[in-house]
Amino acid sequence: MASSQPLSSVLDDSLQLRLRLWRDVVKRARPGIMLYPMLWLVISYSTQLMATRPVFSWAMMALLVATSALRWVNSRALGRAIVANFRWWQLGLYAGVLAHSIIWGSLFAYSLTMGQAEFLFLMAFSSAGMVAGGSNSFSPVKALSYSYILTFILPSFFVSVWALDSWGEAALIATYVFYMLNLARQQHREYWRSLKNELTLEKQSRTDALTSLSNRRYFDEKLNELCHLSSRDHVQLAVLVVDCDHFKEINDQYGHDFGDECLRQLGGLLTESLPRATDVCARYGGEEFSIILAGTDLAGAQKVAERIRARVAEHEVRYRGQATHITVSIGLTSERLEKYRPELPEQLFKRADVALYRAKRAGRNCVRSADIQYAGAEQLDAEASV
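Residues numbered from 1 in each chain as written. Predicted model: local features only at pLDDT ≥ 70, side-chain atom pairs only at ≥ 80, totals over all residues. Heavy atoms only, no water.

A. How the structure looks around the sheet that holds strand β3 (residues 288-294). Pairing in this open sheet of five strands is mixed, and the strands run β2-β3-β1-β6-β7 from one edge to the other. Whereas interior strands pair on both sides, the edge strands pair on one side only; in this sheet they are β2 (280-285) and β7 (367-369). Within this sheet the neighbouring strands show an average axis-to-axis angle of 20°, counted without direction. Relative to β3, β2 is paired through five bridges, and the arrangement is antiparallel. Opposite valine 280, over in β3, you have isoleucine 292 as the bridge partner. (Pairing = 2+ DSSP bridges. Helix = DSSP H or I, 4+ residues; strand = E, 2+ residues; numbered from the N terminus. Axes fitted to C-alpha atoms, helices over the stretch in contact; angles between N-to-C directions.)

Structure below.
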């Protein structure tokens, strides 16, 4: 089952995980940002507080509106995931959320001392709902959820104990806090259980079952993404296509189980030959594998390809008492990308594929690079070749 996998096996990119996490928090919390001034306007107006204490009422309204505006601006920025200043936007979200909870929690505590039943009822009713909603909205981050609940409720607890000397009210508030903290903990667990299952299924949909490498779907998505990034930064991007030579003969001579083992071991050799975290290796289909080397020029890509070719040729595949050597043919291309075009990913892959056919025609077990100028003509020839 998907849920049986450890969380660390699917959460391998900490930065992307953090961005996903806080985007979820922003999305869940955004509907409640303007709730505070709206509720205060309704409560203060309906209880005549606007008429009896206008300075206080409008001062609180201005404070709540300003906090809501700052939270809205921060949520829009964090929603766009400004990576360079991510920590500052994260701290800004904390500050905005806790400012709202402290202000409203203080207003609720103030309502306990006024002796106005209608105002107290409306503040208690609205506060209970806001705490429940906030604990759910902020449940992806347990520390934020707990902080929101405590800063919201503790002012009224302290007022009940020290100002009103009402231990009954204090006990009731303490029970509510205990309940909400436990509810927040359960909501946090449910969120992470759901996220784990989602990421596990997403990873499985992008993973080749035989070799445990990425599959064609992931490769195509990653190539498009890296074309965007490389074009933006005007850097080199290399694509390699690797094909296992005479694979049909291996299947015919040793059986399909042995052939599958060849592909598994070949996938392992490719992965071991690509030490950088930014390198992408995928099983593109059948006995063909594809590789992306970000920031790698033609000479560097040729060096990597030759290392792969030599390593595979030296390796002996052993499986159930049978053994053989395999070889690979590799085609590659590299280009400094200046401007992104929708057809760019496909063009890069096709050029590497053309170079692969050149390697096949050259006798296999070799590396060939694409000639960009003549790639189009060679593609027409390749369709009728090996």
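B. Summary view of unusual backbone geometry. Phi is positive for glutamine 48, close to 65°, though the residue is something other than glycine. As for its placement among the helices and strands, glutamine 48 is situated in the loop between α2 (35-46) and α3 (49-52). For glutamine 48, a relative accessible area of 49% puts it in the partly exposed group. (Buried < 20%, exposed > 50% of the residue type's maximum accessible area, 1.4 Å probe, protein only.)

C. Fine view of the pairing of β3. Burial runs high along β3: seven of the seven residues are buried. The alternating pattern of β3 places Glu288, Ser290, Ile292 and Ala294 on one face and Phe289, Ile291 and Leu293 on the opposite face, and all of these are buried. With seven bridges connecting them, strand β1 (residues 236-244) and β3 associate as antiparallel partners. Within β3, the position partnered with valine 242 by the bridge is phenylalanine 289.

D. Representation of helix α6 (residues 117-137). For α6, which comprises 21 residues, the first-to-last C-alpha distance of 30 Å matches the rise-based estimate of 30 Å (1.5 Å per residue) to within 8%. Within α6, burial applies to Phe119, Met123, Ser126, Ser127, Met130, Val131, Gly134, Ser135 and Ser137. Buried positions in α6, seen along its axis, are confined to an arc of 160° and lie on one side of it. Looking at α6, the residues exposed on the side facing more than 90 degrees away from the buried face are Ala117, Phe121 and Phe125. (Expected span 1.5 Å × (residues − 1). Arc of directions from axis to C-beta.)

E. The arrangement of the state of the cysteines in detail. As enumerated under the stated definition, the model contains zero disulfides in all. No disulfide involves cysteine 244; its sulfur sits 6.3 Å from the nearest other cysteine sulfur, which is in cysteine 262. Looking at cysteine 244, the relative accessible area reads 2%, which means it is buried. (Disulfide = S-S within 2.5 Å.)

F. Focus on the environment of asparagine 251. Turning to its location among the elements, asparagine 251 is positioned in helix α10 (residues 247-254). Taking relative accessible area as the criterion, asparagine 251 reaches 12% and is therefore assigned buried. Between the C-alpha atoms of asparagine 251 and cysteine 262, which are eleven residues apart in sequence, the distance is 9.6 Å.

All we've got here are geometric facts, nothing functional implied.
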